[in-house]
4 protein chains.
Amino acid sequence: MGVMRLGYVHVRVTDLEASRFHYGETLGMKVVHETPNQIYYKGWDEFDHHSVVLEEGGVGLVKLGYKVEKSTDLDAIENRAQNFGCITERMSTGSNVAVGDGVRIVLPSEHVVELYHEIDYVGTEVGLLNPDPFPRHLVGVGVPRIDHALITCEDPAAQERFFSEVLGFRPVERVVTELDDGDLIGSWMSCTNTPHDIAFIKGENGKLHHFAYNLTDWTAIKHAGGIFAMDDVSVDVGPTQHGITRGETIYFFDPSGNRNEVFSGGYQTFADSPPITWTADQLAKGIFYIGRELNERFTSIVT
Amino acid sequence: MGVMRLGYVHVRVTDLEASRFHYGETLGMKVVHETPNQIYYKGWDEFDHHSVVLEEGGVGLVKLGYKVEKSTDLDAIENRAQNFGCITERMSTGSNVAVGDGVRIVLPSEHVVELYHEIDYVGTEVGLLNPDPFPRHLVGVGVPRIDHALITCEDPAAQERFFSEVLGFRPVERVVTELDDGDLIGSWMSCTNTPHDIAFIKGENGKLHHFAYNLTDWTAIKHAGGIFAMDDVSVDVGPTQHGITRGETIYFFDPSGNRNEVFSGGYQTFADSPPITWTADQLAKGIFYIGRELNERFTSIVT
Amino acid sequence: MGVMRLGYVHVRVTDLEASRFHYGETLGMKVVHETPNQIYYKGWDEFDHHSVVLEEGGVGLVKLGYKVEKSTDLDAIENRAQNFGCITERMSTGSNVAVGDGVRIVLPSEHVVELYHEIDYVGTEVGLLNPDPFPRHLVGVGVPRIDHALITCEDPAAQERFFSEVLGFRPVERVVTELDDGDLIGSWMSCTNTPHDIAFIKGENGKLHHFAYNLTDWTAIKHAGGIFAMDDVSVDVGPTQHGITRGETIYFFDPSGNRNEVFSGGYQTFADSPPITWTADQLAKGIFYIGRELNERFTSIVT
Amino acid sequence: MGVMRLGYVHVRVTDLEASRFHYGETLGMKVVHETPNQIYYKGWDEFDHHSVVLEEGGVGLVKLGYKVEKSTDLDAIENRAQNFGCITERMSTGSNVAVGDGVRIVLPSEHVVELYHEIDYVGTEVGLLNPDPFPRHLVGVGVPRIDHALITCEDPAAQERFFSEVLGFRPVERVVTELDDGDLIGSWMSCTNTPHDIAFIKGENGKLHHFAYNLTDWTAIKHAGGIFAMDDVSVDVGPTQHGITRGETIYFFDPSGNRNEVFSGGYQTFADSPPITWTADQLAKGIFYIGRELNERFTSIVT
């Protein structure tokens, strides 16, 4: 249905300057643009203009941007969103730096998602001609790209239906209170061949649990953990492996308290992959497969 | 345009019984069906009925099967293939064990590709309810799934056009004799978010260079190499890393001389990923990034 | 001074049969001998008769065995231990199954250590002629060998002096309450080129904090974590990396509550390696480098 | 018998300036001293003054330095070497930059080995107080330390006897022409708990096959390979795994043609480890376990 990927995550931070070291030196993202109250970043393996926007003032998610394959996808999505009963508005070119026109939708969960087809092309740091597989001089973790976001919502079933019917995502892994007639309390959904491009779990509307960067592998996860220790980053959980998605992970916080994740691995999914079901009694194993414990911090802190 | 993935590789082997140990004990695939002159296998993380078919008599590729998302994709592909000038035929349910009806196309390169929408569902070895991330008792390498095939053809440009126009694949990495007006001598194309679901390089029509299995990571590649040594498998090249796709690899031969690959890693690609260009003078680096040497065996043996 | 390595760990378990699955199927050790109330195990890469002895009745450490290089080392150690003021006794051949005569010493910390020179040779599972680097059919984690033990004691300084003066160990990393005149509250000591063959931290005399198995690498640590999840093993902390030793780790409990560790990595140490100092305020970082938090369980539970 | 480790490798290079990039930028060693025709380097995890000395003029090995534990070891070694029939001489403090007095021995193989007890202390790049497990800003491969050397000799049996009787090394893995009465054609010997601190194979006296750097793990080996590709380093073989030592490896050449190795892994050895025997017919598997092929270059080029 046209959505290609999570393109940008726009979050609030309490202090822009305090965030600069975290996103620039610890994570190793590159500043591509600045305004008095915003910094725009990209990872080394992303070719679009930016993937993370920090905006001073508060914490939490301003909006998520998903890029669509064709400009006509925008009309179709707008239509379906309106039919679903969502508030939508057209956004014009330039309402986001470097981004073309598009559709802004308020989700059933009150989060804002923007769909767009055009964004300035910058290119990756290895280029398009006889490229090396990685740039030689990475800073800190050296994150290649963003991967997904996990948000909370009061009605996961409605949210899942929205992402399925309006945006064409597929549920890949689902958590229910119990088998058969249980309620949906979490869903990991994909618009690609990865296990998730968005996920939501039952909670307060409009909140961000975390957004994630994709790393190469389990050894890169450990290296990231070392950088976090050197830079005194507050680590929430990990390194560990997820049961859900099979991915490897560390959760950590930016200086404002927004939770980030470094994520690697995960299996291939397809349009015909039958969804996996987790029952709530196994949720701790689904989230943290190795330790099978959910800490209070992980389940309660959202921004 | 509807093609979801490489679903099966059907190859000839000189001696079915001699192949049984290689595919079953060394690679650790599971036999799902047998006929007097065929064995059907699947990997532990594949849910469809089979992904590799061995047929006794000779060597080389009988056909590749690609699964489409919707049954209506079959008509559209048939149409486009005929317009492209290819010979097509409808195949009926049962003409392949466990596979529904579909379209059989003779490629510009004389290889046979089958498109199908239905195949019996068997399920992975970890299941769909609170699954473990891997099955405990894997045999040998324990391959999760097939990944891609590389075939040779006299006219890579025509082949690339076919995969693009008829099947909706995107060129991800392309090798040209020189920049600007150079000829295309190889193309790695994708219908997913991986770097390749098919690849072809200039050579004799109708031949198979290799087909590949996807492994978890670089450490799994080393483990596979250890199993190959224990089982006296003929290794062609590797372990090493590709420049093209960034994947990690070992190439090896089945007892009949068909080349296999174990492959891991690779980056994410999207519908809007600009193609990467390799020039022929850097091809050795593109294929084997670390050693930058192509051996005679690798460039000359096809089946 | 003759001590070559930690040879065996002899622990009490509340229920021998309940322990069998943990040590045999989860960790994958091989039973080499049994008596009505004991099971003797070895890892696949150990050539001596056994390395772990379970004895029914209670929990905690019965004794540690360290193997010496020459039979004359036994006399010298006995002498030095008596001069140090320790209670020693000669143990005769057969007082430990498969072990020759030796010296039994009660440490300043009240733990019992046995020194011996002879133990039946069984051989590793890959043998001595053209060996493969690993056995093909490992069970569960498939631990190659034991690595070290960490015990608690009221007087770490006396304990360190004992291991240094009597057994010839070197302090590799030391934790002090503060720089300059601080008290020693932990010491990691080595008789090999690894970072530790014994460690002790301030606490109750006679107690075991954990004993450890050596795994190949960080990926093997993750695999072990997966097996622990499948077998419902109680995980204490990890996977993570230590600051002290730089090793990678998961701490977990056997069914009786004795803490085990899987450990990999660590740097090379030598007789002339200057000791590393950790100050107590950085201890959490020293123990768990990535997360920099000590949980209550880890610091309070000993057996 | 007192030898602690390989302390330095002193080699000739045809062009000092041409070597600077290789050892400094590609391998990431630090220059600690220079003279008009020499450069002294150390790795980040080495605390002694230097571990590699380049000297302009020709190629090949000038000498190997092994550090002993006690100054009295020098007399004992000198004695034993003379009894063995070797030419020895005392070297005075300063005859090697930063190195104390010692003993210089001409081996049966005509190589020169220097034994010394004192060398200026510089310290590692992570220090001795609450150290991080790795320095943040490594250059290129970022080699932590040297590991071993492999040299060729006409009479491996005499060489092995020398290293055993005079220097106290133990044979860990041995290659013989055939079982029982076969001739020794290679030996991997250790004075530590690693599988080799020196190795020799039958060949021309006085020649260097390679000297090696120790890396963390198999992933670090791949990363090194990437740096070699970026810097156009001539790679001989690898990445692969050895059967002998179980280590992981890439062999490559410095600009003068001296073969280097990056090496990781390997198992623990002890004074009582029974030697492993390889028969010549399995040598290819012993050297390159995965591919089981020795290339002409690897077997014929020495410097």
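Predicted model, so just to flag it, every value in this text is computed and none were measured.

K.L.:
Sorry, what's going on with the interface of chain B and chain A here?
P.N.:
Where interface size is quoted, it is often the accessible area lost as the parts come together. Listed per partner, the contact involves 39 residues of chain B and 39 residues of chain A. Around 3400 Å² of area is buried between chain B and chain A when both sides are counted, 58% of it from carbon and sulfur atoms. Sorting the residues of chain B by area buried against chain A places B:Asn130, B:Pro133 and B:Arg246 first, and these three jointly supply 18% of that buried surface. Counting the contacts that link chain B with chain A gives six salt bridges. One salt bridge in this structure joins B:Arg246 and A:Asp45, with 2.7 Å as the shortest N-O distance. Run the count over chain B and chain A and you get 17 residue pairs in polar contact (both at pLDDT 80 or more). Listing elements by their share of the side of chain B that touches chain A, those giving two or more residues are strand 1 (3-13) and strand 17 (276-279) of chain B.

K.L.:
For this particular structure, what's the right way to read the relation of the copies chain B and chain A?
P.N.:
Of the transformation superimposing chain B on chain A, the axial component is 0.0 Å and the angular component is 180°, with the fit at an RMSD of 0.0 Å. The symmetry that links the two subunits is that of a two-fold axis. The rotation axis passes nearest to the C-alpha of B:Asn193 in chain B, at a distance of 2.9 Å. Interface overlap between copies is the fraction of interface residues in one copy that are interface residues in the other; for chain B against chain A it reaches 100%, indicating a shared surface.

K.L.:
Looking at this structure, how should I read the UniProt feature "domain: VOC" (unreviewed entry) in chain A?
P.N.:
All names here are of chain A. Taking the UniProt record as the reference, the feature "domain: VOC" (unreviewed entry) is found at residues 5-118 and 145-265. Measuring from the first to the last C-alpha atom of residues 5-118 gives 13 Å, for a span that is 21% helix and 43% strand. Structurally, residues 145-265 is divided into 19% helix and 47% strand, and its ends, taken at the C-alpha atoms, are 14 Å apart.

K.L.:
I keep staring at the interface of chain B and chain C and nothing clicks. Help me out?
P.N.:
Taken residue by residue, the interface counts 13 residues in chain B and 13 residues in chain C. Taking both sides of the interface into account, the surface hidden between chain B and chain C amounts to around 1100 Å²; carbon and sulfur atoms contribute 59%. Together, B:Phe134, B:Arg136 and B:Met230 form the three largest contributors to the area buried by chain B at its contact with chain C, with a combined 57%. Taken together, the links from chain B to chain C amount to two salt bridges. In this structure, C:Arg136 engages B:Asp231 in a salt bridge whose closest nitrogen and oxygen atoms are separated by 2.4 Å. Applying the counting rule to chain B against chain C returns five residue pairs in polar contact (both at pLDDT 80 or more).

K.L.:
So what exactly am I meant to see when it comes to helix 4 (residues 218-230) of chain A here?
P.N.:
Because an α-helix completes one turn every 3.6 residues, residues spaced three or four positions apart along the sequence face the same direction. Residues and elements named next belong to chain A. With 13 residues, helix 4 ought to run about 18 Å at 1.5 Å a step, and its terminal C-alpha atoms sit 19 Å apart, in line with that. Along helix 4, the residues classified as buried are Trp218, Thr219, Ile221, Lys222, Ala224, Gly225, Gly226, Ile227, Phe228, Ala229 and Met230. Sitting at the amino-terminal end of helix 4 is aspartate 217, which places a side-chain oxygen 3.2 Å from the backbone nitrogen of threonine 219. Note on helix 4: the residue one or two positions beyond its end, aspartate 232, has a positive phi of about 55°.

K.L.:
What exactly am I supposed to notice about unusual backbone geometry here?
P.N.:
In most cases, non-glycine residues show a negative phi, while peptide bonds are predominantly trans. For the bond from C:Gly238 to C:Pro239, the omega torsion is 5°, close enough to zero to count as cis. For C:Pro239, the position within the fold is in strand 14 (residues 235-241). If you check the backbone angles, A:Arg246 has positive phi at about 65° while not being a glycine. Take A:Arg246: its relative accessible area is 13%, and that puts it in the buried class.

K.L.:
Please explain the relation of the copies chain B and chain C as it appears in this structure.
P.N.:
Both copies of the chain are related by a screw-like operation: a rotation about an axis and a shift along it. For these two chains of identical sequence, chain B goes onto chain C by a turn of 180° and a shift of 0.0 Å along the axis, with RMSD 0.0 Å. Both copies present the same face, since 100% of the interface residues in chain B are matched by interface residues at the equivalent positions in chain C.

K.L.:
Would you mind going over the confidence of the model for chain A with me for this structure?
P.N.:
Parts of the prediction with low pLDDT should not have their coordinates interpreted in detail. Of all residues in chain A, 100% attain a pLDDT of 70 or more, and the chain-wide mean is 97. Under the prediction, the complex receives an ipTM of 0.96, its pTM being 0.97.

K.L.:
Just to check I follow, could you spell out the sheet that holds strand 12 (residues 198-202) of chain A for this structure?
P.N.:
Across a sheet, strands are paired by hydrogen bonds formed along the backbone, either parallel or antiparallel in direction. All names here are of chain A. One open sheet accounts for nine strands, arranged 14-15-16-13-9-12-11-10-17; its pairing is mixed. With partners counted over all chains shown, the strands left at the sheet margins are strand 14 (235-241) and strand 17 (276-279), one partner each. Strand after strand, the sheet turns through a mean of 20° between neighbouring axes, direction not considered. Strand direction decides the pairing type here: strand 11 (residues 184-190) and strand 12, joined by four bridges, are antiparallel.

K.L.:
Quick question: what am I supposed to make of the pairing of strand 11 of chain A here?
P.N.:
Residues and elements named next belong to chain A. Counted residue by residue, strand 11 has six buried out of seven residues, so it is predominantly covered. The sheet contact formed by strand 10 (residues 170-176) and strand 11 spans six bridges and is antiparallel. Residue pairing across strands places proline 171 opposite methionine 189, the latter belonging to strand 11.

K.L.:
Help me understand the pattern of salt bridges, please; the structure alone is not making it clear to me.
P.N.:
A side chain with one charge may pair with a side chain of the opposite charge, provided their charged atoms come close. Within the structure shown, the criterion is met by 88 salt bridges over all chains. The salt bridge partner of B:Glu248 is D:Lys222, with a shortest N-O separation of 2.5 Å. One end of the pair, B:Glu248, is in strand 15 (residues 248-253); the other, D:Lys222, is in helix 4 (residues 218-230), on a second chain. Of the two residues, B:Glu248 and D:Lys222, neither departs from the other in class, the shared state being buried. Taken together, the shared-partner salt bridges in this structure form one network comprising A:Arg5, A:Asp48, A:Lys67 and B:Asp272.

K.L.:
So what exactly am I meant to see when it comes to the domain arrangement of chain A here?
P.N.:
Residue and element names in this part refer to chain A. In terms of domains, chain A is made up of domain 1 (3-119) and domain 2 (145-300). Using only C-alpha atoms to locate each centre, domain 1 and domain 2 end up separated by 20 Å. Each partner contributes to the interface: domain 1 provides 41 residues, whereas domain 2 provides 38 residues. Buried surface at the junction of domain 1 and domain 2, both sides included, amounts to about 3000 Å², of which 68% is carbon and sulfur. For the domain 1 face of the interface with domain 2, the top three residues by lost area are His22, Phe84 and His111, together amounting to 17%. One can count zero salt bridges joining domain 1 with domain 2. For the interface between domain 1 and domain 2, the tally reads 14 residue pairs in polar contact (both at pLDDT 80 or more). Listed by contribution, the elements that provide at least two residues to the side of domain 1 that touches domain 2 are strand 1 (3-13), helix 1 (16-26), strand 5 (60-68) and helix 2 (72-84).

K.L.:
Sorry if this is basic, but what is going on with the side chain of A:Thr279 here?
P.N.:
Relative to the helices and strands, A:Thr279 is located in strand 17. Residue contacts for A:Thr279: discarding those within four places in its chain leaves A:Val176, A:Glu178, A:Leu179, B:Leu129 and B:Asn130.

K.L.:
Sorry, what's going on with the sheet that holds strand 13 (residues 207-214) of chain D here?
P.N.:
All names here are of chain D. One open sheet accounts for nine strands, arranged 14-15-16-13-9-12-11-10-17; its pairing is mixed. The outermost strands of the open sheet, each flanked by one partner alone, are strand 14 (235-241) and strand 17 (276-279). Along the sheet, successive strands turn relative to each other by an average axial angle of 20°, direction set aside.

K.L.:
Would you mind going over the packing of aromatic side chains with me for this structure?
P.N.:
Given two aromatic rings, one states the distance between the centres and the angle between the planes to describe the pair. The final tally for this structure, using the stated rule, is 54 aromatic pairs over all chains. Here A:Phe163 and A:Phe169 contribute two aromatic rings whose centre-to-centre distance is 5.1 Å and whose plane-to-plane angle is 70°, an arrangement assigned as edge-to-face. Judged by relative accessible area, A:Phe163 falls into the buried class, the value being 0%. Through a chain of ring-to-ring contacts, three or more aromatic side chains come together here, namely A:Tyr66, A:Phe84, A:Phe162, A:Phe163, A:Phe169 and A:Phe200. The lysine or arginine in question, B:Arg246, covers the ring of B:Tyr267, its NZ or CZ lying 4.5 Å from the ring centre.

So, how was this worked out
Residues numbered from 1 in each chain as written. Chains lettered and ligands numbered in written order. Predicted model: local features only at pLDDT ≥ 70, side-chain atom pairs only at ≥ 80, totals over all residues. Heavy atoms only, no water. Contact = heavy atoms within 4.5 Å. Buried area = accessible area lost by both parts, 1.4 Å probe. Salt bridge = Lys/Arg side-chain N within 4 Å of Asp/Glu carboxyl O. Polar contact = N/O pair within 3.5 Å; in protein donor to acceptor, adjacent residues only side chain to side chain. Helix = DSSP H or I, 4+ residues; strand = E, 2+ residues; numbered from the N terminus. Least-squares fit on C-alpha atoms with pLDDT ≥ 70 in both. UniProt positions renumbered as here; feature names shortened; annotations may be inferred. Expected span 1.5 Å × (residues − 1). Buried < 20%, exposed > 50% of the residue type's maximum accessible area, 1.4 Å probe, protein only. pLDDT = per-residue confidence, 0-100. Pairing = 2+ DSSP bridges. Axes fitted to C-alpha atoms, helices over the stretch in contact; angles between N-to-C directions. Domains from an automatic or database assignment. Phe/Tyr/Trp six-rings, centres within 6.5 Å; stacked < 30°, edge-to-face > 60°. Lys NZ or Arg CZ within 6 Å of the ring centre and 35° of its normal.

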